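Chain by chain, the residues run as shown.
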Amino acid sequence: MRTRQLDKTYDPKTVEARWYQVWSDRGYFRASPDNPGQPYCIVIPPPNVTGSLHVGHALNHSLQDILIRWRRMQGRNTLWLPGTDHAGIATQNVVEKQLMAEGSSREALGRERFIERVWQWKAASGNTIIAQQKQLGESCDWDRLRFTMDEGLSKAVLEVFVRLYEDRLIYRGERLINWCPRCLTALSDIEVEHEDVKGKMYSIAYPLEQDSTVTLTVATTRPETMLGDTAVAVHPDDPRYNRFIGRKVRLPLTDRTIPVVGDAILVDREFGTGAVKITPAHDFNDFEAGERHQLPRLPIFDHRALLDSEGLKTAGVYADLISNIAGNPVSKARPQIEQALKDRGLLVKVEDHKMAIGKCYRCKTVVEPYLSPQWFIKIKPLAEPAIQAVERGRIRIIPEGWTNNYLGWMRDIKDWCISRQIWWGHQIPAWYCRSCNSRFIHEQLTTSATGTPITRITLLQGAVPIVARSAPTQCPECLGHDFLRDPDVLDTWFSSGLWPFSTLGWPERTPELKAYYPTSTLVTGLDILFFWVARMIMLGLKFMGDVPFRDVYIHALVRDAEGQKMSKSKGNVIDPLHVMEQFGTDALRFTLASMASPGRDIKLAEERIEGYRNFANKIWNAARFAHLYLDGPRTSGPLNERSFPDRWIVSRLNQTIETVGFELEAYRFDRAAAALYHFIWHEYCDWYLELIKPSLQDAASADAPATRQTLVDTLETTLRLLHPFMPFLTEEIWQTLPDHGESIVVQPYPTPDASRRSADMEQQFLLLEQTVSLLRTARVLLNYSPGQPIQFVVAHDDATRREHLKGLQPYFAHLGRGTADLIPTSSWPTKNLLRLVSEGLSVGMTVAGDVDLQKALDRILKQQEEQAKEIGRLEGKLASQDFAAKAPPEVVADHRQRLHSLRGDQSMLASSETQLRAMRGV
RNA sequence: GGGCGGAUAGCUCAGUUGGAAGAGCGCUGCCCUUACAAGGCAGAGGUCACAGGUUCGAUCCCUGUUCCGCCUACCA
């Protein structure tokens, strides 16, 4: 049993890479449906394939790895399935930026070559995050790495699309959608971020057709959209305006007249002027109002959100105005419209107004409601079962508080726009017969942002798609062979929505699906609850007939030390790789776990990580200590024949095992981490190791062989208990212990054992701790140096405790660094003695030499004061009739007991005070 | 506008059936005591946001207020 020499400080760098390689080579993370044990499966929330690991990933992944390693050690058949996401818009943007730097563009390249280029980029940078995940110690089954654009997953996407289409849950239609004029694509509702801004409210007068002296004043925050107005709405019950309903107003700056309609839904009489302009082509509410009143839609912006001359012409805008504003963005056009209205005396007033504007979550450009044909998923039929699954507890959301959030969103869910006008992604499996649809295929010659001439193909509303798993060869209508494939791709979340089953092989019926679906736990951040989690639930239920996971654990967002969201532009990001380099991976993992309190964001500062680096080092040194003494003989006799420290630490360890297991079951990583930290540092290191030193250092000690065994056993068990949190350190140390097996990774996780518990030892320990603490305090008060041996006396009011103290004597003598006499206080010296008191326990320490007793006196006085306050409080309560009558008897008894003990302490302290004053000669 | 969460030591946060306020970090003092100075020991520091209510008793339960977050929303 040769033990290795350990360095004085733990050096994570050399250790981490080495062990990860070993674990990997030995295939510990490899899963198989044939493995024994109840399956436990987590699918990773796939990070962007071309991204790199940020601290949010580090948190998300650390927690998953803790769960997986814990379950693996418990003997479950674990699978942690890794993968990456193609992140359509984001990735396309990155590659486009590269092209731009080269003076090229995706249009110049063409679709096919552009996509090739993205694959190249994926090949070049796609492994970055995977390597970083390994650095974090993630025990994923890397052989099963999946990518949303893989052949298998693409097949799943195709299958789902076709089936949903066949079930009439996917449809194509011209709707107002959120459009990013920079990405030039539609976005789903939740891809729009709302931001409060200070805007202006413009009041514009619309003269009545028959009598231009009478005007109807409407209010708007976007005056330029008035050019596309097709009606004005007033409330049907509003006496100010309802007589106008059915009449017409002249739309300023145009040659059009538009009707006044009554609409109780759109109009809030209290707001603004009480009259609302309706622009169905550029506002979601107006779109719906337009449907109610069969109003025409007049788009006046193009796809880049520039005023469109064709549209303006159609809208009957004055030609001279068109020539001024066509091609202008809103920022330029608005003042021009404002001026034009002012010139005609139709701008009634402009007021400050705060409002929310929508921005593209990828590029922060202001999104425009834009009328265009898109693909949608009819979501209500899918949402219904997804609501029930959560309501009925088939899926548990943790912390529970988010459940209502989920349900609320699901109940009010809108159809999901799934088409994106980009190239990188799963192209929609829809084809159009060119001859049958010739009227609907609109090809427009235009130029790209970089000036490349391009053809924009728009498939107008009315085009009839053929949706199929593969390209059709013949048109069933005209028997033609010329097809145009829908150029749009699917929202990335469409494919990630299939993740829990597509990664397991669906639509094939694989053994993996059978074993691991439904997966056990999903770990994710709140930000993608709707984007991803909700959609996985809907699609999982639809296509697998069962929920995709049992538990959804939602963790916090990681912020900087000031609570600011981390962002590259703010420069406040904590780079997990840098942190791992600096403090070690285990320290980072433990930090994140310990800060993962539910419902609260994590404010991360490097000092915290440094603190846990120190913790790692503490453990390291505890192991070094153990190694100093492990060479001697070891015997493992029955527990009850072992020494007090041994039995105590075994009991405490047992408690810690119980706590950690309990907290992990409840996803309380923070509490599990705190329990480990406290046990290891403040019980094992601070007390146990100190308590056993005399025995270990005494060659003649009878306890030593059993203590050596307890020492190594408890250390070994603690390492296993800690391993999911700090995998590298624990493996490194564990391998140096005698009689070790192959790897700690595949060792059983500790389980509590009631026979190891000893309430008696724990209670005696508290007495010991109390005694030692008083001794140490006295030593400091009297300025005795820590090493200087002291003579002291100890007594206790309580007979049982006195008995215990007898047995504990060698321990507190050792920890107090001195000799201790257990004698009744009545026989204590009356001179030159400092006496400290606590809960019936008294310790006395000889005052020698010329010491300043003021500090000691101050402490006594302070304690007296505190106790007097507490005595007063207890006396007050006990004097109350109500308290005696209504409080539970055990509480009353407890209060009496405490009062009694405090009074005893008070009299002791009084005599101590008297002595001190006498010694000072005051 | 609606919903949710938070307000506890200088800082970050625990506090689970209401019955003596806790941790980590930081701070002060003393110590290089043969595992660890990335350490040890001892300390200081809190009308548990505010105001009411329920209760014998409230950090905890209820109501209201203030101040922060977050989510959500079509007030033009």
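Our structure is the block above this text.
Being a predicted model, the structure only gives us computed values, none of them experimental. (Residues numbered from 1 in each chain as written. Chains lettered and ligands numbered in written order. Predicted model: local features only at pLDDT ≥ 70, side-chain atom pairs only at ≥ 80, totals over all residues. Heavy atoms only, no water.)

S.K.: Looking at this structure, I do not really get the overall build of chain A. What am I missing?
M.R.: A tally of regular secondary structure across chain A gives 29 helices and 31 strands. Rg of the C-alpha trace for chain A: 37 Å, well past the compact-globule value of 29 Å for 922 residues, more than 25% over. Across its three principal axes, chain A shows a C-alpha extent of roughly 115 × 65 × 55 Å. In chain A, which comprises 922 residues, the proportion classed as buried is 55%. The long-range share in chain A, meaning contacts at least 24 apart out of those at least 6 apart in sequence, stands at 77%. Surface summary for chain A: the accessible area is close to 40300 Å², and the carbon and sulfur share equals 49%. Positive and negative side-chain charges in chain A, numbering 110 and 113 respectively, have mean positions lying 1 Å apart. (Helix = DSSP H or I, 4+ residues; strand = E, 2+ residues; numbered from the N terminus. Rg over C-alpha atoms; globule rule 2.2 N^0.38 Å. Buried < 20%, exposed > 50% of the residue type's maximum accessible area, 1.4 Å probe, protein only. Contact = heavy atoms within 4.5 Å. Areas by Shrake-Rupley, 256 points an atom, 1.4 Å probe, with all protein chains shown as cover. Lys, Arg positive; Asp, Glu negative; His and termini not counted. Charge placed at Lys NZ, Arg CZ, Asp CG, Glu CD.)

S.K.: Help me understand empty space enclosed by the protein in this model?
M.R.: A probe as big as a water molecule, rolled over the atoms, marks out the empty space that is left. Across all of its chains, the model carries three cavities of 30 Å³ or more by this definition. There is about 80 Å³ of room inside the largest cavity. Taken together, 13 residues form the lining of the largest cavity, with Gly 88, Ile 89, Glu 191, Asp 491 and Thr 492 sitting closest to its centre. Here the lining of the largest cavity takes three residues from helix α3 (residues 88-101), the largest share from any one element. (1 Å grid on protein atoms, 1.4 Å probe; cavity = no way out; pocket = protein on both sides within 12 Å on 5 of 7 lines; lining within 4 Å. Points joined across faces, edges and corners; volume = space filled by probe spheres on them.)

S.K.: Before we go on, may I ask you to explain the protein's contact with RNA strand B in this structure?
M.R.: For RNA strand B, the set of nearby residues contains 61 residues, the closest of which are Phe 271, Asn 285, Arg 613, Arg 671 and Lys 862. Each atom of RNA strand B within 4 Å of the protein was assigned to sugar, phosphate or base; sugar and phosphate come to 58%. In this structure, a phosphate oxygen belonging to RNA strand B sits 3.0 Å away from a side-chain N or O atom of Asn 614. Residue Lys 693 places a side-chain N or O atom 3.3 Å away from a phosphate oxygen belonging to RNA strand B. Where the surface near RNA strand B is concerned, the elements lending two or more residues are β8 (215-220), β12 (275-278), α20 (606-629), α22 (669-697), α25 (759-781), α27 (854-879), α28 (881-886) and α29 (889-920). At eleven residues, α20 tops the list of elements feeding residues into the surface near RNA strand B. Split into classes, the residues belonging to the surface near RNA strand B amount to 23 nonpolar, 15 polar and 23 charged. (Near = heavy atom within 4 Å. Polar contact = N/O pair within 3.5 Å; in protein donor to acceptor, adjacent residues only side chain to side chain. Nonpolar A, V, L, I, M, F, W, Y, C, P; charged D, E, K, R; others polar.)

S.K.: Could you clarify how one ought to interpret the nonpolar core in this entry?
M.R.: Soluble globular proteins tend to pack their nonpolar side chains together in the buried interior. Core analysis: the largest hydrophobic core is formed by 205 residues, its most contacted members being Leu 164, Tyr 406, Phe 494, Leu 604, Phe 669, Phe 725 and Phe 812. If one sorts the elements of this core by residue count, α22 sits on top with 16 residues. The contacts of Tyr 406, once residues within four sequence positions are left out, are Ala 386, Ile 387, Val 390, Ile 397, Leu 529, Phe 530, Ala 534 and Ile 537. Residues Val 218, Leu 298, Ile 322 and Leu 346 belong to the second largest nonpolar core, which totals 36 residues. (Core = buried A, V, L, I, M, F, W, Y, C linked by side-chain atoms within 4.5 Å.)

The values are spatial; any link to function lies outside them.
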